[in-house]
Every structure is written in C-alpha cells, then in structure tokens.
Amino acid sequence: MNQFGPPRGEIIFRLCFSLIGLGLMIFAVLYRGIGGIAAVEIVGIAGAFFGGTAIWSIWQLRRMK
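All values reported here derive from a predicted model rather than from experimental measurement.

As a further point, take the packing of aromatic side chains. Taken as a whole, this structure holds 4 aromatic pairs when the rule is applied. With a centroid separation of 5.8 Å and an interplanar angle of 10°, the aromatic rings of Phe27 and Tyr31 are classed as stacked. You can see Phe27 and its partner Tyr31 sitting in helix H1 (residues 8-32), 4 residues apart, about one turn around the helix. Between Phe49 and Phe50, the ring centres sit 5.2 Å apart and the planes meet at 65°, which makes this aromatic pair edge-to-face. Connected via pairs of aromatic rings, a cluster forms that spans Phe13, Phe17, Phe49 and Phe50. Sitting over the face of the ring of Trp59, Arg63 holds its NZ or CZ atom 5.1 Å from the ring centroid.

The rules behind the values
- Residues numbered from 1 in each chain as written.
- Predicted model: local features only at pLDDT ≥ 70, side-chain atom pairs only at ≥ 80, totals over all residues.
- Heavy atoms only, no water.
- Phe/Tyr/Trp six-rings, centres within 6.5 Å; stacked < 30°, edge-to-face > 60°.
- Helix = DSSP H or I, 4+ residues; strand = E, 2+ residues; numbered from the N terminus.
- Lys NZ or Arg CZ within 6 Å of the ring centre and 35° of its normal.

Below you can see the structure in the form of structure tokens.
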C-alpha cells in the first residue's frame with residue numbers, strides 16, 4: 001500500500017460515487033434529452049469528470065493488488 005496515497009476504502013468510495021454520477025447523468029440525458037449546445041458542454045464535462053475518476057479509481061485498485 002502506498003504510504004502517501006489515498007487508502008483503498010477511499011478509492012472504492014470514489015469509484016462508487018463516479019459510477020452513480022455516470023448513471024444519473026445517463027438517466028437525465030435519456031429522460032430529458034440534450035436541448036442545446038450548453039447541455040452538450042455540461043454532459044461532456046460531467047462525463048469527462050465522472051468517467052475519468054472511475055477509470056482512475058479502477059486503475060489504482062488494480063495497481064494495489
């Protein structure tokens with residue numbers, strides 16, 4: 001375990017939070033649709049944040065084993 005990084009429990013929390021965020025975003029897009037360019041930007045930024053955090057968390061968890 002890395003002495004300077006976040007503990008395993010925090011990384012699992014980040015992964016769960018990211019997956020829930022992605023799921024809610026997908027639900028919102030399916031329910032409301034994308035109305036304009038601002039919505040595309042919001043979905044893109046949110047998708048990049050939640051997706052990037054999920055990928056980072058998975059990568060860190062695999063690296064810990």
